[in-house]
Amino acid sequence: MTDYFGMESRSNHILTACTVATVMVHLDRLESVLPIAGVWFVTSTVAEKFLGMSHGDSAAIFGGLLAMKLVPMLVKRVVTIAATFPLALIFKYVSQILPKYTIDESNFYICDGATTEIANKRKQALLELSERWAKKYKKCIDFSGELKKMMSDVRFISGRCFFAFNDVVGSYLDPSMALEKTDRMNVTDIDGNVAMDISGSYGVNVCGYEKYKDFIEEGWQTAKSKGLFLGSLDSIVLDNISRLRKISGQDEVSFHMSGTEAVMAAVRCARWNTKKRMVVTFGGAYHGWWDGMQPVVGNDRIPNDVLCLKDMKQLSLTVLALRASEIAAVLINPLQCFHLNQAPPSDIVLSGTTFPAVGETPGYKEWLHQLRKVCTENGIVLIFDEVYTGFRLHPRGAQGVYDVQADIITYGKTLGGGLPVGVVCGPKNLLARGDPKKASRVNYVIGTFAGHPFVMSCMNAFLKWLDKEGTKPYDAMHSNIENFIKSTNSKMKKSGYPVELASWYSVWSMKYTRASRFHWMFQYYLRDAGVNLSWVGTGRLLFSLDWQKADYDELQGRILTACESMSQGGWWEEPKANIKQKIGVEMGCGVFKNLIS
Ligand SMILES: Cc1ncc(COP(=O)(O)O)c(C=O)c1O
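Residues numbered from 1 in each chain as written. Predicted model: local features only at pLDDT ≥ 70, side-chain atom pairs only at ≥ 80, totals over all residues.

## Quick look at the site of the ligand
If you check the shell around the ligand, you find 14 residues, and the closest are Gly259, Thr260, Gly288, Val387 and Tyr388. Per-element tally for the shell around the ligand: the top contributor is helix 12 (residues 259–274), with three residues. Taken together, the residues of the shell around the ligand break down into five nonpolar, eight polar and one charged. (Near = placed C-beta within 6 Å. Helix = DSSP H or I, 4+ residues; strand = E, 2+ residues; numbered from the N terminus. Nonpolar A, V, L, I, M, F, W, Y, C, P; charged D, E, K, R; others polar.)

So, in C-alpha cells, the structure goes:
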C-alpha cells in the first residue's frame, strides 16, 4: 500500500482498473493494448533501476496518466453505445440465433388459430389462384423455373413472404415475371398479360418508360460513331459536368458505373482527404451492397470503421462532436425520412405483429440543418447519398427539397437516362486523388468504364430534358398522387379493408391497420389484378412522371379488386390466436431444433 498526496491507494488496483478500462476501450483493436503494456514495463524497469522507484509507485503514476486519457475515451464509448442503432449492436448475435423454419401445409391455414371453415376457404382460394396462374402465366413460370436453377440472385428474390410460409406458397404460386415489352407504365409479360408497373424499376424510372426509350435512342445516335473508345473526354462529358455542377452545387464530378460504386468512391475520397477512418451512417439506411458500408443486415463482415447511429437523435450529434477527430464523413440517405430507422415494411418482414409507421417524418428538414451545422463545426464531411432521391423528389434531389448543401453528393439510377451509372460530385479538396507533398500517396479511385460514351450520351439526353422541364411535371405529379392516396384510403376505409396508403413525393407504401399473418398474400392478389410490384412487395412503391389522372383511377380500381379477393379468400379474417405468442413459440422451437441438430 502506498500513500499519495494523503490518499491511500493500492497501485496494483489502479493498474488493474486501468488495464481493464484499456481493454474495454480497445476491444475492437486489442493489438493496441500490447504497446501500452510494453511502454509501462520498460518505463517501470528504467524507473526502478535509475530512480529507485518501486514497481508499485511507477504503476500508480503510469496508471494515473493512463486514466487521464482513458476517462474521456470511456465517455465517448458509452455515449456512442447509447446513440448506436440497436440492431447494429445485436445483429451479429441475432443473425446467429434467428432460426429458419417452415410451417407445413397442415398448419399453414390455421397458424393464426383460424377455424376449419376459414382454413378451408383459404385453401380453396389458394388452389383457385394457383390453377388460374398455371394457365395465365404458363411461359413466365417455365422461364423462371429454368432461371432459378442457374441464378442464385433470382432464387434470393423469389421468396416473397414471411420465410416460414415460403415453401407452401412457393408450391402454389410463382410471381416471377418475364418481360416482353413496356408501354407507358404498362409492362407486358411473355404470356401477353399486361400489368401497371408500380415497382419503378428499383427507383430508376422517374420519367416514365417511354422517356427512357427516347433518351437511349438519342444517346445511341450521338454515341454510335464513337464505338468503344474509353478514357475519352469529349464535349458531351464536359456538358454533363457543367450541368451536374449546377445541380449539385459542387465544383467537381467523378463518373462510375453504379450507385454502390459511387458510394465507395465518395467514402474513399472523404477518408483519404481528411486522413480519418471512421464513417457514420444511420440505422435502416441503405447505401448499396458494398460490405464496407453495410453495418447490419446483408453482410457477414461487419465493418469496424462504420458507426451506425440512431437517426434524428440529439445524442447522435453529440457523438459526432465528441469523436470529430476520428470521423471522416456522415452519410445520409434522405429516403430514411419515409421509413425512419426501419427496413421498408416489405411482405417478408410483415410477420403479422409489426405495424411500421410509414410516412414523412416530421422535423426531418430541421434535423438535416442541425446535422449540417454540426458537421461544419467539427470538420466532418457531409455526404448526401442521392442515388435514390436525386431527381426523384425534385430536379435538385433532397438538397433542393430540404434546402441543405452537402459536401459530397452521390447520384445514380435515373441519371444514366436508362443506362447504369454512378456519379460523385464534390469540391476539389475532397475529391483529390493525389497528395501535393507525397508522391506515392495516391487515392486510387478510377474505373475502366467510367465516362463510357454511350452512358454519357444517354445521361446528356436526360439532363437536357430535366433542364427543359424543370419542376412543373413534378408539381403536377405530386398533386395527382395526393388525390390518389386520399381517395383510395377513403374507399378502403369505407369497405373495411385493413390497408392504408402513405406517400412521400413519388415514393409510396401500403401499411396495414390490423394484425394478420397473411398480409403478404396481398401482393399476389395485386399481381392477379394486373399490378406489377418489385420483390419487396407492398413496402416500397413508385410512381413516374407520365402517370395521368385516368391511370391513377385505373390503379385504384385494381387495388380495390385485390382487396376484395383478399377478403373473399379469408386472409384478412380476425386472428383467433395471439399471433405474437405463436411466432414466439415457433421461433423458440426453431432455435431448439437448430441447437440439437
Ligand atoms: C441510397 C442508395 N445508395 C446506393 C444504392 C446502390 O445503387 P446500385 O444498386 O446502383 O449499386 C442504392 C440502390 O438502391 C440506393 O438506394
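Next comes the rest of the account.
## Concerning helix 18 (residues 472–495)
Here helix 18 spans 35 Å end to end across 24 residues, near enough to the 34 Å set by a 1.5 Å rise per residue. Positive phi appears at Gly496, one or two residues downstream of helix 18, with a value of about 80 degrees. (Expected span 1.5 Å × (residues − 1).)

## Side note on the nonpolar core
If you look at soluble globular proteins, the nonpolar side chains tend to sit buried side by side. Membership of the largest hydrophobic core comes to 136 residues, with the highest contact counts inside it found for Ala266, Ala270, Ala329, Val330, Ile383 and Val423. Both domains that furnish three or more residues to this core are identified here as domain 2 (105–206 + 473–583) and domain 3 (228–469). The residues touching Ala266, leaving out its near neighbours within four places in the chain, are Ile383, Ile408, Thr410 and Val424. Membership of the second largest hydrophobic core comes to six residues, among which are Trp40, Ala60, Leu66 and Leu70. (Core = buried A, V, L, I, M, F, W, Y, C linked by C-beta atoms within 7 Å. Buried ≥ 20, exposed ≤ 12 C-beta atoms within 10 Å, placed from the backbone. Domains from an automatic or database assignment. Contact = placed C-beta atoms within 7 Å.)

## A short note on the packing of helix 11 (residues 235–248) against helix 17 (residues 453–469)
The angle between the axes and the distance between the axes are what describe a pair of packed helices. Look at helix 11 against helix 17: their axes get within 9 Å of each other, and the N-to-C directions meet at 40 degrees. Classified by the interaxial angle, the pair formed by helix 11 and helix 17 is oblique. Crossing angle aside, the handedness with which helix 11 passes helix 17 is left-handed. Residues Ile236, Val237, Asp239, Asn240 and Arg243 of helix 11 lie in contact with helix 17, whose contacting residues are Met456, Ser457, Met459, Asn460, Leu463 and Asp467. Of the residues that constitute the contact of helix 11 with helix 17, the class distribution is five nonpolar, three polar and three charged. (Axes fitted to C-alpha atoms, helices over the stretch in contact; angles between N-to-C directions. Parallel < 35°, antiparallel > 145°, perpendicular 65-115°, else oblique. Left-handed = near helix turned anticlockwise from the far one by under 90°.)

## Comments concerning the sheet that holds strand 3 (residues 179–183)
The strands that make up a sheet are held in pairs by hydrogen bonds between backbone atoms, and each pair lies either parallel or antiparallel. The four strands are arranged 3-4-5-15 in an open sheet whose pairing can be described as mixed. Looking at which strands have only one partner, the edges of the open sheet turn out to be strand 3 and strand 15 (531–532). (Pairing = 2+ DSSP bridges.)

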